[in-house]
Amino acid sequence: MTEAGHQAAVGAPHAPPKGLAVADVRLRGVVSALPSRRLDNVDFETQFGPEGVADVVKMIGVEHRYWVPTGQTASDLCFLAAQRLLTRLDWAPDSVDALVFVTQTPDQRLPATACVLHGRLGLSSRCQAFDVGLGCSGYVYGLWLAALLIQGGCSRVLLLAGETSSRLIDPNDRATALLFGDAGTASGLERSPGAPPIHFVLGTDGAGASNLIVSGGGFRTPEPDSRRPDSLAADHLFMDGGEVFSFTLRAVPKLVLETLANAGVERERLDALLLHQANRFMLRHIVKKLGLTPAQAPINIDRYGNTSSASIPLLMTTDLATRLTAAPMQIMSVGFGVGYSWGSALMTLDSLACAETLAA
Amino acid sequence: MSAFYEGLAEIFEVEATEITPQFDLIAHNWDSLAIVSTLALIDECFDKLVDGSVLAKCTTVADVERVVGMAAAA
């Protein structure tokens, strides 16, 4: 577009409203499920040596994480979380109109694992069910989709977000082996006339796709990449930490500020900023750069690792559980990473009916 | 002593007085952790964002300072 054309578009009388927003939708409750197998940093010392572990931990801040045992999948964790959520919310299975499953570690290549979960949960044949293949940004995209489904006529939506990244990492890759944890979560969203708008900002930069990738297992033959160590198999996760980090610094502070501006909310009025738990050093840096207090931006990566799309709901059911169930809160959820893909959702919540964490 | 040099000294675990433009990064474990820490330090001290891949090619502190000089403000 020419400069003049661009200015004309900006100044057009029917400019769209600032950003994306969906009203009349409420988040009712959230449940997370963690696998029973806990791995402490000392468990990695045989492999990487105490110093090798300490170097990485200083940066990522993970003290322990939970990994699924053989045979347990992300959908198993989400199933348990969903069952508990339905009970706590007193939602009959046939009252659920849609099930959205956000994961990059589905049970099978087909069918969509959402359909399998639909069957296990005994939901109605009128309930739609589909998978969304996003990672770190996936929970926010799930909230967006759930809100739109409700705007389109659904009354109740089950949003399940779960990941077993432990199954994707090369156990010999120090940078990723220590970082990731597994978790499954379930969130219940419901039509609620009069609920204030949820403000969203969503975006993508596909040029960053190769910087965080499992290149094998799909239908395209993996292309050689000189950055990959020869020992790293195609079906293991490759992460260019430096590139992902600089992407995050470029994208996230801007994303948070844009969302606040669209919603007309001062950052001091934000009760909690729920950042995807990517890496503790990075989180602290972002919080400082945004001029937020540490109390406004809880960090739990020390106890659970980076759980990809599950990290934001897991933050709700752990560090924020007491506050979320006690009183209304204004919170912003921010997911960013693999894709590159990012999204934010600013919500004014009523106190939640439940926010709890289960051992699966 | 600038905050930037002090930050670099912390990253490389050396005395702040050791950081000079000639400081050899490669000899001090210029790995992905050090690069990521330096990215954040540059953002903090100069409000500038540089690319990890560009930073990775630096071999001295002077190189890093040149990269910072060329970067646009964040």
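All residue numbers refer to position in the chain's written sequence, counted from 1. Going through the entries in the order they are written, you letter the chains from A and number the ligands from 1. Local features are withheld for residues below a pLDDT of 70 in this predicted model, meaning they are given only at 70 or higher, and side-chain atom pairs are given and counted only at 80 or more; totals for whole chains, interfaces and linings count all residues. The side-chain figures draw on all heavy atoms in the structure; neither hydrogens nor water molecules are used.

J.: Explanation requested: empty space enclosed by the protein in the structure shown.
T.: It is the rolling of a water-molecule-sized probe over the atoms that shows where space remains empty. Residues and elements named next belong to chain A. With a 1 Å grid laid over protein atoms only, a set of points is called a cavity when a 1.4 Å probe fits there but cannot get out and a pocket when it is open yet has protein on both sides within 12 Å along at least five of seven lines; lining residues have an atom within 4 Å of a point. Grid points are joined across faces, edges and corners, and a volume is the space filled by probe spheres set on the points. Enumeration according to the criterion identifies one cavity of 30 Å³ or more in this entry. Lining the largest cavity are Val25, Arg26, Leu27, Ala195, Pro196, Ile198, Met347, Thr348 and Leu349. Only runs of H or I of at least four residues qualify as helices and only runs of E of at least two qualify as strands under DSSP, and these elements are numbered from the N terminus. Where the lining of the largest cavity is concerned, the elements lending two or more residues are strand E2 (25–34) and strand E14 (341–349). In the scheme used here, Gly and all other residues not listed as nonpolar or charged are polar, with Ala, Val, Leu, Ile, Met, Phe, Trp, Tyr, Cys and Pro taken as nonpolar and Asp, Glu, Lys and Arg as charged. Residues of the lining of the largest cavity, tallied by class, amount to seven nonpolar, one polar and one charged.

J.: I'm lost on the pairing of strand E4 (residues 64–67) of chain A in this one. Help?
T.: Within a regular beta strand, the side chains point alternately toward one face of the sheet and then the other, so they alternate between its two faces. Residue and element names in this part refer to chain A. Residue alternation in E4 divides its side chains into two sets, His64 and Tyr66 and Arg65 and Trp67, and both sets are buried. Here strand E3 (residues 37–40) runs beside E4; their pairing, made up of four bridges, is antiparallel. Residue pairing across strands places Arg38 opposite Tyr66, the latter belonging to E4. Burial classification: accessible surface area is computed with a 1.4 Å probe over protein chains only, and a residue below 20% of its type maximum counts as buried, one above 50% as exposed, and the rest as partly exposed. Paired strands are those between which DSSP finds at least two bridges.

J.: Any chance you could explain the interface of chain B and chain A here in plain terms?
T.: Quite often, the size of an interface is put as the accessible area lost when its parts meet. Residues are treated as being in contact if the distance between any of their heavy atoms lies within 4.5 Å. Listed as interface residues are 15 residues of chain B and, on the opposing side, 15 residues of chain A. Across the chain B/chain A interface, buried area totals approximately 1300 Å², and carbon plus sulfur atoms make up 59% of it. Three residues stand out in chain B for area buried against chain A, namely B:Leu33, B:Val36 and B:Leu49, and they jointly supply 37% of the buried area on that side. Put simply, a salt bridge is a Lys or Arg side-chain nitrogen that is within 4 Å of an Asp or Glu carboxyl oxygen. On the surface where chain B and chain A come into contact, there are five salt bridges. Contacts described as polar in this section are N or O atom pairs within 3.5 Å, which, within protein, must combine one atom able to donate a hydrogen with one able to accept it, while residues neighboring in sequence count only if both atoms come from side chains. Our enumeration of links across chain B and chain A arrives at seven residue pairs in polar contact (both at pLDDT 80 or more). Mapped onto the side of chain B that touches chain A, the elements with two or more residues apiece are helix H2 (32–46) and helix H3 (52–56) of chain B. The dominant element in the side of chain B that touches chain A, judged by the number of residues it contributes, is H2(B), at seven residues. Its residues placed into classes, the side of chain B that touches chain A shows seven nonpolar, three polar and five charged. Accessible area, probed at 1.4 Å, shrinks when two parts are joined; the buried area is that loss added up over both.

J.: Honestly, the environment of A:Glu163 in this entry has me stumped. Any pointers?
T.: Residue and element names in this part refer to chain A. Checked against the element boundaries, Glu163 lands in strand E7 (residues 156–164). Taking the C-alpha atoms as reference, Glu163 lies 16 Å from Arg38; in sequence the two are 125 residues apart. Each residue touching Glu163, except ones within four places of it in the same chain, is listed here: Ala74, Thr103, Gln104, Thr105, Leu134, Gly135, Gly181, Asp182, Ala183, Thr307, Ser308 and Ser309. For Glu163, the side chain forms a polar contact with the main-chain nitrogen of Gln104, separated by 2.7 Å.

J.: Teacher, can you tell me more about the pattern of salt bridges here?
T.: Close approach of charged atoms allows side chains of opposite charge to pair. One pass over the structure, following the stated rule, counts 18 salt bridges over all chains. Of the charged contacts in the structure, one is a salt bridge between B:Asp47 and A:Lys289, with a shortest N-O distance of 2.8 Å. Taken together, the residues B:Asp47 in the loop between H2 and H3 and A:Lys289 in helix H8 (residues 280–289) connect one chain to another. The exposure class of B:Asp47 is partly exposed, given its relative accessible area of 39%. On the accessibility criterion, A:Lys289 (31% relative accessible area) is partly exposed. Here the residues in one salt-bridge network are A:Arg28, A:Arg156 and A:Glu190, joined through shared partners.

J.: Even after reading the chapter, I still don't get the nonpolar core, so can you show me in this structure?
T.: For soluble globular proteins, the rule of thumb is that nonpolar side chains tend to be buried together. Residues grouped as a nonpolar core are buried Ala, Val, Leu, Ile, Met, Phe, Trp, Tyr and Cys residues, joined through side-chain atoms within 4.5 Å. Within the largest apolar cluster, 75 residues are counted, with the highest numbers of intra-cluster contacts made by A:Leu273, A:Leu275, A:Val334, A:Phe336, B:Phe12, B:Ile19 and B:Leu55. The biggest single contributor to this core is helix H7 (residues 241–263) of chain A, with nine residues. A:Ala147, A:Leu149, A:Ile198 and A:Phe200 belong to the second largest nonpolar core, which has 38 residues in total.

J.: Could you clarify how one ought to interpret the layout of surface pockets in this entry?
T.: Roughly 810 Å³ of internal volume is contained in the second largest pocket. Lining the second largest pocket are 25 residues, with A:Lys58, A:Phe281, B:Glu10, B:Ile11 and B:Ser37 positioned closest to its centre. At seven residues, the largest contribution of residues to the lining of the second largest pocket is made by H2(B). Tallied by class, residues from the lining of the second largest pocket come to ten nonpolar, five polar and ten charged.

J.: What should I look at first to understand H8(A) in this one?
T.: Buried residues of H8(A): A:Arg280, A:Met282, A:Leu283, A:His285, A:Ile286 and A:Val287, and no others. Residues of H8(A) that are buried sit in contact with helix H2 (45–60), H7, strand E12 (272–275), helix H9 (301–304) and strand E13 (329–337) of chain A together with H2 of chain B. Two to three positions downstream of the cap, the backbone nitrogen of A:Phe281 sits 3.0 Å from a side-chain oxygen, assigning the N-cap of H8(A) to A:Asn279. Looking one or two residues past H8(A), A:Gly291 carries a phi angle of roughly 70°, positive in sign.

J.: Sorry if this is basic, but what is going on with the side chain of A:Thr105 here?
T.: Residues and elements named next belong to chain A. Of note, Thr105 is situated in the loop between strand E5 (98–102) and helix H4 (113–121). At 3.0 Å, the side chain of Thr105 and the backbone nitrogen of Thr164 are in polar contact. Leaving out residues up to four positions away in the same chain, Thr105 has contacts with Ala74, Gly162, Glu163, Thr164 and Leu168.

J.: Explanation requested: the confidence of the model for chain B in the structure shown.
T.: Residue and element names in this part refer to chain B. For every residue, the predictor states its confidence as a pLDDT score lying anywhere from 0 to 100. Residues with a pLDDT of 70 or more make up 96% of chain B, whose mean pLDDT is 90. Put simply, H3 is where chain B has its lowest mean pLDDT, 88, and helix H4 (residues 61–70) is where it has its highest, 94. We note a pTM of 0.92 for the whole complex and an ipTM of 0.82 for its interfaces.

J.: I'm lost on the packing of aromatic side chains in this one. Help?
T.: For any pair of aromatic rings, the description rests on two quantities: the centre-to-centre distance and the angle between the ring planes. By convention, a stacked pair of Phe, Tyr or Trp rings (six-membered ring in the case of Trp) has centres within 6.5 Å and planes under 30 degrees apart, an edge-to-face pair has planes over 60 apart, and any other such pair is tilted. All chains considered together, the criterion is met by ten aromatic pairs over all chains. Sitting over the ring of A:Phe79, A:Arg120 keeps its end group 4.2 Å from the ring centre. Definition used: whenever NZ (Lys) or CZ (Arg) falls within 6 Å of the ring centre and also within 35 degrees of the ring normal, the charge is taken to sit over that ring.

J.: I keep staring at the sheet that holds E2(A) and nothing clicks. Help me out?
T.: Strands in a sheet are paired, the pairing made by backbone hydrogen bonds, and the direction either parallel or antiparallel. Residue and element names in this part refer to chain A. With mixed pairing, six strands are arranged side by side in an open sheet as E6-E5-E7-E8-E2-E15. On the outer flanks of this sheet lie strand E6 (128–132) and strand E15 (354–359), each paired with one strand and no other. For this sheet the average axis-to-axis angle between neighbouring strands, irrespective of direction, equals 15°. Where E5 and E7 come together, five bridges link them in parallel fashion. Simply put, an axis is a line fit to the C-alpha atoms, just over the touching stretch for a helix, and the angle between two N-to-C directions goes from 0 to 180 degrees.

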